[in-house]
Each structure stands twice: as C-alpha cells, then as structure tokens.
Amino acid sequence: AAGVIQSPRHLIKEKRETATLKCYPIPRHDTVYWYQQGPGQDPQFLISFYEKMQSDKGSIPDRFSAQQFSDYHSELNMSSLELGDSALYFCASSHLSAGYEQFFGPGTRLTVL
Amino acid sequence: AQSVAQPEDQVNVAEGNPLTVKCTYSVSGNPYLFWYVQYPNRGLQFLLKYITGDNLVKGSYGFEAEFNKSQTSFHLKKPSALVSDSALYFCAVRDSGYSSASKIIFGSGTRLSIRP
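Everything numeric here is computed off the predicted structure, so don't read it as measured data.

As a further point, take the sheet that holds strand β7 (residues 64-68) of chain A. Residue and element names in this part refer to chain A. Taken in spatial order, the 4 strands of this open sheet run β1-β3-β8-β7, and their pairing is antiparallel. Every interior strand has two partners, whereas the edge strands, β1 (5-7) and β7, have only one. Within the sheet, the average angular offset between the axes of one strand and its neighbour, ignoring direction, is 15°. For β1 and strand β3 (residues 19-24), the ladder comprises 3 bridges, and the chain directions are antiparallel.

Rendered as structure tokens:
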C-alpha cells in the first residue's frame, strides 16, 4: 500500500540558510500534518492543513511557513535556520474515513551546522 | 487541554514474558487514543487506536491495549514479548478540536527493551 512520502530524507544546512521539506500524502488523503521531533524528545505538532487550508497551528516558529498544494502535497519552508532546528521532521496524512488515524512518513532528518 | 502521560522512561522484559507499557490520559470529552512505535532512525508506525466500542483493542504485531475509563488509562500489552519488539513506544491522544485536522499530542515515550 502507498505510504506517506517525504523528501529529502536527510538534509544538512548551515546556520541562517533556508530549507524546504516536501510531503506527499497517501492518495485520497486530504489532511496533512507536520511534526518536529528533537533528539530524545516526543514529536511536537507544528501545523496542519485540510483541503489546502491551514487548519491548526502549533509550536511553529515564525521563521517557518507551510502550505498545501492543489495535489494535496505539502511543503514546509524554513528560513534563517538555527542550530536548534536540527531535528526529525515528520509529515502525516489522514482522511476522515480512516477514523482519525494519522499515517506518518519516514521523516526528514535536518542537521543545521 | 488533552494530554497523555507515560510514567516509565524504560521498560525491560525478558523474551517470552508478557509486557505492559503504561499510559494515562487527560481529556475533555470522548478520548481518541493511539499507540505508535518508533524504531531507530525510522518513522512512527501506527499500532492501534481506541475511538469507541470494546475496551480491549487489538493492533499490529500482536499488541493490544485496554481502555479503562475509570482509571483514565490506555496501557499497551503483549502476551509474549519478542526481541524485535525493542523500540520506542508513544501513547498519543487526538486533540478534541472540532477541526477535522486535529493534531495528535504525544506522550514522552517509553523505551521498551526485550532481552533474549
């Protein structure tokens, strides 16, 4: 079965650079979520989109922005990167018919040097 | 606000023995509870969920969880542990917002270690 696809899987950036993470949800899933998992921490919710509109917002820094496109894929844009942004970034997708279950992608590991 | 608590940072069990990973929750309204597992350098894999219905929920890889409303608990269990079950386990609750895209709130995680 198709799963959530995230690209790239690994990304290394310098401080103050920008990064773009991409997420391709499971086909026919209309909701996308972004989570950030720091080293040794639990995943923290950043932002979600439903039918291409921002639905909920969590602890997402102002330096970050995201959107969901017409094909339902989503991109997380991160600017002025800081060392503390180094983390595993998960995307998840869901559809109401799936009983609120969120399916997670493999994550993008971002390292900021 | 919704929250879940995992009181144990680590659980150690011998292979073949039953295992329990504890989780308690605090929610307003009906709880939507989940267990996820994370293997090293891997994503989060869904194990099981409780939305409504039977208190005993069966999930992937032989895991099950018991929803206990009076004790506000949702402990993860398996009758006979395997070494391959060693991983990080997260209990989670869906935020009860009206949005269909309500976020999941994770517990702090419990590292399960199964010794041969």
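The subject of this paragraph is the pattern of salt bridges. Tallied over the entire structure, the rule returns 9 salt bridges over all chains. Taking the shortest distance from any N to any O, the salt bridge between A:Glu101 and B:Lys49 comes out at 3.8 Å. Of this pair, A:Glu101 sits in the loop between β9 (87-94) and β10 (103-104) while B:Lys49 sits in strand β6 (residues 44-50), which puts the two residues in different chains. On the accessibility criterion, B:Lys49 (24% relative accessible area) is partly exposed. The network of salt bridges with shared partners includes A:Arg63, A:Glu82 and A:Asp85.

Here a disulfide denotes one covalent bond, and it connects the sulfur atoms of two cysteines. Residue and element names in this part refer to chain A. In this structure the tally under the stated criterion is 2 disulfides over all chains. The disulfide bridge from Cys-23 ends at Cys-91, spanning 1.7 Å between sulfur atoms. Residues Cys-23 and Cys-91 are joined by a disulfide whose S-S torsion is about -55°; by sign, that bridge is left-handed. In this pair, Cys-23 sits in strand β3 while Cys-91 sits in strand β9, placing the two residues 68 residues apart along the sequence.

Right, let's get into the interface of chain B and chain A. Counting from both sides, the interface comprises 22 residues of chain B and, opposite them, 24 residues of chain A. Summing both partners gives a buried area of about 1,800 Å² for chain B against chain A, and 55% of it is carried by carbon and sulfur. One can count 2 salt bridges joining chain B with chain A. Our enumeration of links across chain B and chain A arrives at 4 residue pairs in polar contact (both at pLDDT 80 or more). Listing elements by their share of the side of chain B that touches chain A, those giving two or more residues are β5 (33-38), β6, β10 (87-94) and β11 (104-106) of chain B. Taken together, the residues that form the side of chain B that touches chain A break down as 10 nonpolar, 8 polar and 4 charged.

All names here are of chain B. Sheet topology note: the β5/β6 ladder contains 6 bridges and is antiparallel. Directly across from Leu-33, in β6, lies its bridge partner Tyr-50. Taking the residues between adjacent antiparallel strands as the criterion, β5 and β6 are bridged by 5 residues, where Asn-41 takes a positive phi near 60°.

Cut-off values and rules
- Residues numbered from 1 in each chain as written.
- Chains lettered and ligands numbered in written order.
- Predicted model: local features only at pLDDT ≥ 70, side-chain atom pairs only at ≥ 80, totals over all residues.
- Heavy atoms only, no water.
- Pairing = 2+ DSSP bridges.
- Helix = DSSP H or I, 4+ residues; strand = E, 2+ residues; numbered from the N terminus.
- Axes fitted to C-alpha atoms, helices over the stretch in contact; angles between N-to-C directions.
- Salt bridge = Lys/Arg side-chain N within 4 Å of Asp/Glu carboxyl O.
- Buried < 20%, exposed > 50% of the residue type's maximum accessible area, 1.4 Å probe, protein only.
- Disulfide = S-S within 2.5 Å.
- Contact = heavy atoms within 4.5 Å.
- Buried area = accessible area lost by both parts, 1.4 Å probe.
- Polar contact = N/O pair within 3.5 Å; in protein donor to acceptor, adjacent residues only side chain to side chain.
- Nonpolar A, V, L, I, M, F, W, Y, C, P; charged D, E, K, R; others polar.

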